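Fold and geometry: a report
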Amino acid sequence: MSGENAVYSIRRARTSDVARIRELVEPLVQRRILLGKDAVVFYESVQEFRVAQTADGELIGVGALHVMWRDLAEVRTLAVADAWLGRGVGRALLARIEADARELELSRLFCLTFEVGFFERNGFVDMGDETVDPEVYAELVRSHDEGVAEFLDLARVKPNTLGNTRMLKHL
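In this report, the structure presented in the accompanying data block is examined. Just so it is clear, the model here is predicted, and its values are computed rather than measured.

Now for the pairing of strand 7 (residues 165–170). For strand 7, the tally of buried residues reaches five of six residues, placing the bulk of the element in the interior. In terms of strand pairing, strand 5 (residues 108–113) meets strand 7 through six bridges, oriented antiparallel. Bridging from a neighbouring strand, Leu 109 pairs with Lys 169 of strand 7. The pairing of strand 6 (residues 125–126) with strand 7 spans two bridges and is classified as antiparallel. Bridge pairing in strand 7 places Asp 126 opposite Met 167.

Structure, rendered in structure tokens:
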């Protein structure tokens with residue numbers, strides 16, 4: 001994959017990437033596009049993350065796949081450095097996340113986003129009121145994970161997710 005003057009690749013995140021991942025995400029947290037996370041949360045979930053890295057080692061993008069259920073996962077924390085926006089980095093990260101989801105034999109990807117156009121161009125659709133079977137709902141509602149609460153559209157997360165769109169892609 002290439003940008004205008006530099007080549008980048010997608011790889012698994014390492015613990016040594018966490019500081020830069022937080023730097024990439026912070027401007028989006030400040031603009032209330034992404035929810036902030038403590039450093040420990042990034043370290044605990046580092047195996048879920050993929051990063052885009054230039055040939056000279058600069059991290060220019062990040063994204064994560066968080067499994068929620070047997071057939072369902074969430075695309076989380078998809079962010080690209082401002083200088084690299086519009087150059088295919090987000091699309092490349094999402095493609096890798098989707099490949100990871102298929103490898104795990106997942107059939108649905110969820111995201112909660114303000115970037116509706118980007119996700120629509122990549123095959124996601126607005127979930128509207130769609131939810132899951134009552135039996136699965138009863139299991140998922142036991143989760144303490146905020147992403148699961150967002151997927152289920154639980155009232156307790158509404159103040160933090162105002163204006164976001166719940167989107168889904170069938171793989």
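Below, the discussion takes up the nonpolar core. Judged by nonpolar contacts, the single largest core of 40 residues is most densely connected at Tyr 8, Val 62, Val 75, Val 89, Phe 119 and Phe 124. Mapped by element, the contributors of at least two residues to this core are strand 1 (8–12), helix 1 (18–30), strand 2 (49–54), strand 3 (59–69), strand 4 (72–80), helix 3 (89–103), strand 5 and helix 4 (116–121). The residues contacting Phe 124, other than those within four sequence positions of it, are Val 75, Leu 94, Glu 98, Leu 109, Phe 110, Cys 111, Phe 119, Met 167, Leu 168 and Lys 169. Ranked by size, the runner-up nonpolar core spans twelve residues in total, among them Leu 72, Val 136, Leu 154 and Leu 168.

With that out of the way, let us pick up the pattern of salt bridges. Once their charged atoms are close, side chains differing in charge can pair, the charge on each being opposite to the other. In total, this model carries nine salt bridges according to the counting rule given. For the salt bridge of Asp 145 with Arg 76, the shortest nitrogen-to-oxygen distance reads 2.3 Å. Taken together, the positions of Asp 145 in the loop between helix 5 (134–140) and helix 6 (146–152) and Arg 76 in strand 4 put the pair 69 residues apart, joining distant regions of the chain. Note that Arg 96 and Asp 100 form a salt bridge whose closest N and O atoms lie 3.3 Å from each other.

Attention now goes to the sheet that holds strand 2. The mixed open sheet is built from seven strands, whose spatial order is 1-2-3-4-5-7-6. The outermost strands of the open sheet, each flanked by one partner alone, are strand 1 and strand 6. Relative to strand 4, strand 3 runs antiparallel, the two being bridged by seven bridges. Bridging from a neighbouring strand, Val 67 pairs with Ala 73 of strand 4. Packing against the sheet, helix 1 makes contact with strand 2, strand 3 and strand 4, and its axis sits at approximately 85° to strand 3. The strands that helix 3 touches are strand 1, strand 2, strand 3, strand 4, strand 5 and strand 7; relative to strand 3, the one it contacts most, it runs at about 30°.

Another aspect to go through is helix 1. Compared with the 18 Å implied by 1.5 Å per residue over 13 residues, the 18 Å span of helix 1 between its first and last C-alpha is a close match. Residues of helix 1 that are buried include every one of Val 18, Ile 21, Leu 24, Val 25, Leu 28 and Val 29, and no others. On its buried face, helix 1 sits against helix 2 (39–44), strand 2, strand 3 and strand 4. Once helix 1 ends, the next one or two residues include Arg 32, with phi positive near 60°.

Locating Glu 48 in the fold gives a position in the loop between helix 2 and strand 2. One buried charge, Glu 48, has no salt-bridge partner; the nearest side chain with opposite charge is Arg 76, at 4.7 Å. Those residues within four positions of Glu 48 in sequence are excluded, and the remaining contacts are Gly 63, Ala 64, Leu 65 and His 66.

Criteria and thresholds
Residues numbered from 1 in each chain as written. Predicted model: local features only at pLDDT ≥ 70, side-chain atom pairs only at ≥ 80, totals over all residues. Heavy atoms only, no water. Buried < 20%, exposed > 50% of the residue type's maximum accessible area, 1.4 Å probe, protein only. Helix = DSSP H or I, 4+ residues; strand = E, 2+ residues; numbered from the N terminus. Pairing = 2+ DSSP bridges. Core = buried A, V, L, I, M, F, W, Y, C linked by side-chain atoms within 4.5 Å. Contact = heavy atoms within 4.5 Å. Salt bridge = Lys/Arg side-chain N within 4 Å of Asp/Glu carboxyl O. Axes fitted to C-alpha atoms, helices over the stretch in contact; angles between N-to-C directions. Expected span 1.5 Å × (residues − 1). Lys, Arg positive; Asp, Glu negative; His and termini not counted.

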